[in-house]
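Topology and contacts: notes
As a plain string of letters, each chain reads:
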Amino acid sequence: MSTYFSVEEAGSFVAFSASHLIILGIFLFSLLLLYGCRKWLQKPSRSQAGRYILAGILILCELSLNIWYVWGKRFDVKDTLPLELCSISLYLCVFMLLFKNRFIFQIVYFTGIGGALQAILTPALSYPYPHFRFIEFFLAHIAIILSVLYMVWVEGFKPSLRSVGITMVFLNILLVLILLINHLTGGNYMFLSHKPETASLMDFLGPYPWYIVSLETVACILFLLLYMPFTFSAARGKRNKRQLNI
């Protein structure tokens, strides 16, 4: 049992291994299940329960991770503070779910889906299945995406084109703060000091520090792509409305 919680790295995570592919399958199934149950969940008592359950999963993931850090004497301000983009998105998701906050949704729709999706596909992870960190990592990131899509499919929240600009401003303010914290702690939060050791999108974006500038462009393009389904939906709604008025 202790090996499941050991801070010592036994083996290593292999991207697109059997365990990773199973996780990707579970992720896809959870998306389809949520979408398929969206109308059933829209009843007020059920929608609230769903939001609280997702918030509880996120809180449990973050709480258990920090307990593991402390228990294993692994806690270090240099690399275990909740200052990665997905960690920040997790906290924002909890607040969004508990209070149905539309402003937070505008940000976390892009940072949550964009950041967590990359983490699921190309994890910066050292522990293989069935280690606790493996399970917690994927559970937390899948729950982030499910939380955002829950607000879209069940609660009817929608981002706007203005949301893209709000999110970019938020990220740039965050970037300055994280750069300062990295300087003070010697850390590499949000990979702003150097690239991750594992393979990632950043490998194609040039050397340090130019890949940070490239990331800004990639983030903006990704956010616009994530917004596109709502553009098509709005255009279709206007077309249908015009047809009804004829």
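Just above, that's the structure.
Residues numbered from 1 in each chain as written. Predicted model: local features only at pLDDT ≥ 70, side-chain atom pairs only at ≥ 80, totals over all residues. Heavy atoms only, no water.

1. Comments concerning unusual backbone geometry
Inclusion rule: Helix and strand definitions follow DSSP, with helices as H or I runs of at least four residues and strands as E runs of at least two, each counted in order from the N terminus. Relative accessible area decides the class of each residue, using a 1.4 Å probe on protein chains only: under 20% of the type maximum gives buried, over 50% gives exposed, and in between gives partly exposed.
Note the cis peptide between Tyr129 and Pro130, where omega equals 10°. You can see Pro130 is positioned in the loop between α6 (102-121) and α7 (132-153). Along the chain, Tyr208 connects to Pro209 via a cis peptide bond; the corresponding omega equals -5°. Within the fold, Pro209 resides in the loop between α8 (161-185) and α9 (210-245). Residues other than glycine seldom take positive phi values, yet Phe16 does so here, at roughly 60°. With relative accessibility at 48%, the residue Phe16 sits in the partly exposed group. Phi is positive for Lys100, close to 50°, though the residue is something other than glycine. On the secondary structure map, Lys100 appears in the loop between α5 (85-99) and α6.

2. Considering the pattern of salt bridges
Put simply, the test is: By salt bridge we mean one thing: a side-chain nitrogen of Lys or Arg within 4 Å of a carboxyl oxygen of Asp or Glu.
Taken as a whole and assessed by the stated rule, the structure comprises four salt bridges. Residue Glu155 pairs with Arg51 through a salt bridge whose shortest N-O separation is 3.1 Å. Of this pair, Glu155 sits in the loop between α7 and α8 while Arg51 is found in helix α4 (residues 44-71), placing the two residues 104 residues apart along the sequence. Look at Glu155 and you get buried, because its relative accessible area is 15%. Residue Arg51 is classed as buried on the basis of its relative accessible area of 5%. Among the ionic pairs, Arg74 bridges to Asp79, the shortest N-O distance being 3.3 Å. Looking at Arg74, the relative accessible area reads 31%, which means it is partly exposed. Here Asp79 falls in the partly exposed class, since its relative accessible area comes to 36%.

3. Topic: the nonpolar core
What tends to happen in soluble globular proteins is that the nonpolar side chains get buried as a cluster. Test applied: We call a set of buried residues a nonpolar core when its members are Ala, Val, Leu, Ile, Met, Phe, Trp, Tyr or Cys and they connect through side-chain atoms within 4.5 Å of each other. The contact rule is simple, with two residues in contact once any of their heavy atoms fall within 4.5 Å.
Within the largest apolar cluster, 66 residues are counted, with the highest numbers of intra-cluster contacts made by Leu58, Met96, Phe105, Tyr109 and Phe223. Only α2 (18-36), α4, α5, α6, α7, α8 and α9 provide two or more residues apiece to this core. When residues in this core are grouped by element, the largest group, 14 residues, is from α7. Residues contacting Phe105, with those up to four places away along its chain left out, are Met96, Val148, Met151, Val152, Phe157, Lys158 and Pro159. Leu65, Tyr69, Tyr127 and Phe132 belong to the second largest nonpolar core, which has five residues in total.

4. Considerations on a nonpolar patch on the surface
Using the following cut-off: Think of a patch as exposed residues, more than 30% relative accessible area, with no salt bridge, where like charges cluster within 9 Å and nonpolar side chains (Val, Leu, Ile, Met, Phe, Trp, Tyr) cluster within 5 Å. Computed with a 1.4 Å probe, the accessible areas rest on the Shrake-Rupley method; for each residue, only the protein chains presented here act as cover.
There is a patch of nonpolar side chains on the surface, built from Tyr4, Phe5, Ile59, Leu63, Ile67 and Trp71 and spanning about 610 Å² of accessible area. Those elements giving two or more residues to the nonpolar patch turn out to be α1 (2-5) and α4. Structurally, Ile67 is set in helix α4.

5. Regarding the packing of aromatic side chains
Spelled out, the test is: In this scheme Phe, Tyr and Trp rings, the latter by its six-membered ring, pair at centre separations within 6.5 Å, and the angle between planes marks the pair as stacked below 30 degrees, edge-to-face above 60, and tilted otherwise. Placement of a positive charge over a ring is assigned whenever Lys NZ or Arg CZ falls within 6 Å of the ring centre and within 35 degrees of the normal to the ring plane.
Under the counting rule described, the total for this entry stands at 17 aromatic pairs. Judged by centre distance (6.1 Å) and plane angle (45°), the ring pair of Phe13 and Phe138 falls under tilted. Here the residue Phe13 occupies a position in the loop between α1 and α2, and Phe138 occupies one in helix α7, the gap between them amounting to 125 residues. Just as Phe13 is buried, Phe138 falls in that class too. With centroids separated by 5.2 Å and ring planes inclined at 85°, the aromatic side chains of Phe137 and Phe138 adopt a geometry described as edge-to-face. Residue Phe138 is classed as buried on the basis of its relative accessible area, which comes to 2%. Note that Arg38 overlies the ring of Tyr35, its terminal NZ or CZ placed 3.8 Å from the centroid. Above the face of the Phe157 ring, Arg102 is positioned so that its terminal group lies 4.0 Å from the ring centre.

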